[in-house]
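# Structural description and commentary
One letter stands for each residue in the lines below.
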Amino acid sequence: MVGKDCVAIACDLRLGSQSLGVSNNFEKVFQYGHVFMGLTGLASDVLTVHENFRMKTNLYKMREEREIEPESMANLVSTSLYEKRFGPWFVGPIVAGINSKSGKPFVCAFDFIGCIDYAKDFVVSGTAADQLYGMCEGLYEPNLEPEDLFETISQALLNAADRDALSGWGAVVYVITKDKVTKRYLKSRQD
Amino acid sequence: MDIILGIRVKDSVIVATSKAFTRGISILKDNDDKTRTLNQFNLLAFTGDSGDTTQFAEYIQANIQLFSMRENTEMDSKSIASYIRQQLASSLRSRKPYQVQIMLGGLNKGIEPFLTIIDYLGTRTDLPYCAHGYAAFYTMSLLDHHYKENMSLEDGLRILKLCHEELDKRMPVDFKGLNVKVIDKDGVRDVEF
């Protein structure tokens, strides 16, 4: 979600196999330098894709002698997913971050073969995507300050997850400004 | 219908596996051991397609022993877990994936108790207690209720007893009891249960 000179990215903590909840501390948002990526979908591929991008962004950092920017990350994610067009990773990534040079907030989402969906306000992904669209359309307003953005994204996530049997079991929210990242764990319904 | 259960307690890990070896409608053996010891502090428990299971477990076991001979260091639990996950995840996209569910119990670096489950897809999670297959449906609620952080081995075994009773009562076929192993600072050992 985009705010005024800030972005926020959040995920729930559930890992399940169908209806059985397996873990309540499975984080789906990962940090690569100052860029953040959330991954939903097949848990095995979430882990594999994360490990892959950790490697790619580390190599990028060594070659370029700087951290990757969100815009470049979006293109890297897109090409990496399309590389596996006929044997895809079953993930629904979203990328969020602030461009360290221009200071512009950036969010985008992808389908599992890498089609980029740029957005100026918010992007969603996962089993509760429909519910999240509803919550975000209702709660979002442009140019929110970091604290208000935190409240908005948290309420959107929490209430969307409560309408989805496969989501919830705790949540994590990152609020990213140009010079600070805050990570908060949310307590949520455990059913 | 195989059972694998794991409980991580204060300074050790308990791993329990069912003793029945089943093929089709027959129980062929009542003293099967569904575990392999990887090194001093790590124990691998497995179920799945018979054939795949032992093949995969012994492949992992051999590679971990090979690593320690080559590098002259023992692999710690987290590295082993990453290695197994990587093997299963790449096997998943091969012509014939290993159909194996894994539970790894051990002492990370010989100190910190560590328990993880990995399924055939390569989904890995590190947990305080876990179970594979149908056993999970019957035991997770008991473990959710009774488990406490930093509990003693004795208390852990007491919960395991409750799980055993519940499984005995609810499972449709006899699983011939549980093989119970404990990994602590002295290594892997069998426990009378």
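Above: the structure in question.
What counts and what doesn't
Residues numbered from 1 in each chain as written. Chains lettered and ligands numbered in written order. Predicted model: local features only at pLDDT ≥ 70, side-chain atom pairs only at ≥ 80, totals over all residues. Heavy atoms only, no water. Helix = DSSP H or I, 4+ residues; strand = E, 2+ residues; numbered from the N terminus. Rg over C-alpha atoms; globule rule 2.2 N^0.38 Å. Buried < 20%, exposed > 50% of the residue type's maximum accessible area, 1.4 Å probe, protein only. Contact = heavy atoms within 4.5 Å. Buried area = accessible area lost by both parts, 1.4 Å probe. Salt bridge = Lys/Arg side-chain N within 4 Å of Asp/Glu carboxyl O. Polar contact = N/O pair within 3.5 Å; in protein donor to acceptor, adjacent residues only side chain to side chain. Nonpolar A, V, L, I, M, F, W, Y, C, P; charged D, E, K, R; others polar. Core = buried A, V, L, I, M, F, W, Y, C linked by side-chain atoms within 4.5 Å. 1 Å grid on protein atoms, 1.4 Å probe; cavity = no way out; pocket = protein on both sides within 12 Å on 5 of 7 lines; lining within 4 Å. Points joined across faces, edges and corners; volume = space filled by probe spheres on them. Pairing = 2+ DSSP bridges. Axes fitted to C-alpha atoms, helices over the stretch in contact; angles between N-to-C directions. Parallel < 35°, antiparallel > 145°, perpendicular 65-115°, else oblique. Left-handed = near helix turned anticlockwise from the far one by under 90°. Phe/Tyr/Trp six-rings, centres within 6.5 Å; stacked < 30°, edge-to-face > 60°.

Turning to the overall build of chain B, a few remarks are in order. Along its length, chain B carries four helices and 12 strands. On C-alpha atoms alone, chain B measures out to a radius of gyration of 16 Å, which is about the 16 Å that the 2.2 N^0.38 rule sets for 193 residues. For chain B, the proportion of its 193 residues judged to be buried stands at 53%. Taking contacts inside chain B between residues at least 6 apart in sequence as the whole, the part at least 24 apart equals 61%.

Looking now at the interface of chain B and chain A. Many authors give the size of an interface as the accessible area that is lost as the parts come together. Each side of the interface is counted separately: chain B has 13 residues, and chain A has 17 residues. Here chain B meets chain A over a buried area of about 1,100 Å², counting both sides, of which 60% is carbon and sulfur. If you look at where chain B meets chain A, you find two salt bridges. Notably, a salt bridge pairs Asp45(A) with Arg93(B), separated by 2.4 Å at the nearest N-O pair. One can count six residue pairs in polar contact (both at pLDDT 80 or more) joining chain B with chain A. Elements supplying a minimum of two residues to the side of chain B that touches chain A: α2 (77-92), β9 (124-126) and α3 (134-146) of chain B. Here the element with the most residues in the side of chain B that touches chain A is β9(B); it accounts for three residues. Looking at the side of chain B that touches chain A residue by residue, the class counts come to six nonpolar, three polar and four charged.

The nonpolar side chains of soluble globular proteins are, as a tendency, buried together. Met1(A), Ile9(A), Val173(A), Tyr174(A) and Ile176(A) are the most contacted members of the largest nonpolar core, which totals 37 residues. Counting only elements with at least two residues in this core, the list comes to β1 (6-12), β6 (91-98), β7 (105-110), α3 (129-139), α4 (146-162) and β9 (171-177) of chain A.

This part covers the side chain of Thr152(A). The residue Thr152(A) is located in helix α4 in this model. Beyond its immediate stretch of four places on either side in the chain, Thr152(A) contacts Met1(A), Leu139(A), Tyr140(A) and Leu144(A).

Computed from the structure, the largest pocket encloses a volume of approximately 1,200 Å³. For the largest pocket, the lining is made up of 49 residues, of which Asp2(B), Thr47(B), Gln101(B), His132(B) and Gly133(B) are closest to its centre. A total of four residues in the lining of the largest pocket trace back to one element, the largest contributor, which is α3(B). For the lining of the largest pocket, the per-class residue count stands at 23 nonpolar, 18 polar and eight charged. Estimated volume of the second largest pocket: approximately 850 Å³. Contributing to the lining of the second largest pocket are 41 residues, with Asp12(A), Lys28(A), Thr40(A), Gly126(A) and Thr127(A) lying nearest its centre. Elements with a contribution of two residues or more to the lining of the second largest pocket: β1, β2 (15-17), β5 (35-41), α1 (43-64), β6, α3 and α4 of chain A.

Next up on the list: the sheet that holds strand β7 (residues 100-108) of chain B. Residues and elements named next belong to chain B. Strand order in this open sheet of five strands is β5-β6-β7-β8-β9, and the pairing throughout is antiparallel. Strands with a single pairing partner mark the edges of an open sheet, and in this sheet they are β5 (35-39) and β9. In this sheet, adjacent strand axes meet at a mean angle of 20 degrees when their direction is disregarded. Pairing geometry for β7 and strand β8 (residues 112-118), over seven bridges, is antiparallel.

Packed helices, taken two at a time, are described by the angle their axes make and the gap between the axes. All names here are of chain B. Following both chains from N to C, one finds helix α1 (residues 52-71) and α2 inclined at 135 degrees, their axes separated by 11 Å at the closest point. In this view, α1 runs oblique relative to α2, as classed from their interaxial angle. The handedness of the crossing between α1 and α2 is right-handed. Where α1 approaches α2, its residues Phe56, Tyr59, Ile60, Asn63 and Ile64 are matched on the opposing element by Ile80, Tyr83, Ile84, Gln87 and Leu88. The residue inventory of the contact of α1 with α2, partitioned by class, reads eight nonpolar, two polar and no charged.

This part is about the sheet that holds strand β12 (residues 187-191) of chain B. Residues and elements named next belong to chain B. One open sheet holds the five strands; their spatial order is β10-β1-β2-β11-β12, and the pairing between them is antiparallel. Of all strands in the sheet, those bounded by a partner on one side alone are β10 (129-132) and β12. Adjacent strand axes in the sheet meet at a mean angle of 15 degrees, parallel and antiparallel pairs treated alike. The sheet contact formed by strand β1 (residues 4-8) and strand β2 (residues 13-18) spans five bridges and is antiparallel. Bridging from a neighbouring strand, Leu5 pairs with Ala16 of β2. Across the sheet, α3 is in contact with β1 and β10; its angle to β10 comes to roughly 165 degrees. The strands touched by helix α4 (residues 153-170) within the sheet are β1, β2, β11 (178-184) and β12, with β1 carrying the most contacts at an inclination of about 155 degrees.

Turning next to the packing of aromatic side chains. Residues and elements named next belong to chain A. Across all of its chains, the model carries six aromatic pairs over all chains by this definition. Relative to Tyr174, the ring of Phe36 lies with its centre 5.1 Å away and its plane at 50 degrees, an arrangement referred to as tilted. One end of the pair, Phe36, is in strand β5; the other, Tyr174, is in strand β9, with 138 residues separating them in the sequence. Residue Phe36 shares its accessibility class with Tyr174, and that shared class is buried. Summarising the aromatic geometry, the rings of Phe90 and Phe112 are spaced 6.2 Å apart at their centres and angled 20 degrees between planes, so their arrangement reads as stacked. Note that Phe90 is positioned in the loop between α2 (70-83) and β6 and Phe112 in the loop between β7 and β8 (116-119), a separation of 22 residues in sequence. Judged by its relative accessible area of 36%, Phe112 falls in the partly exposed class.

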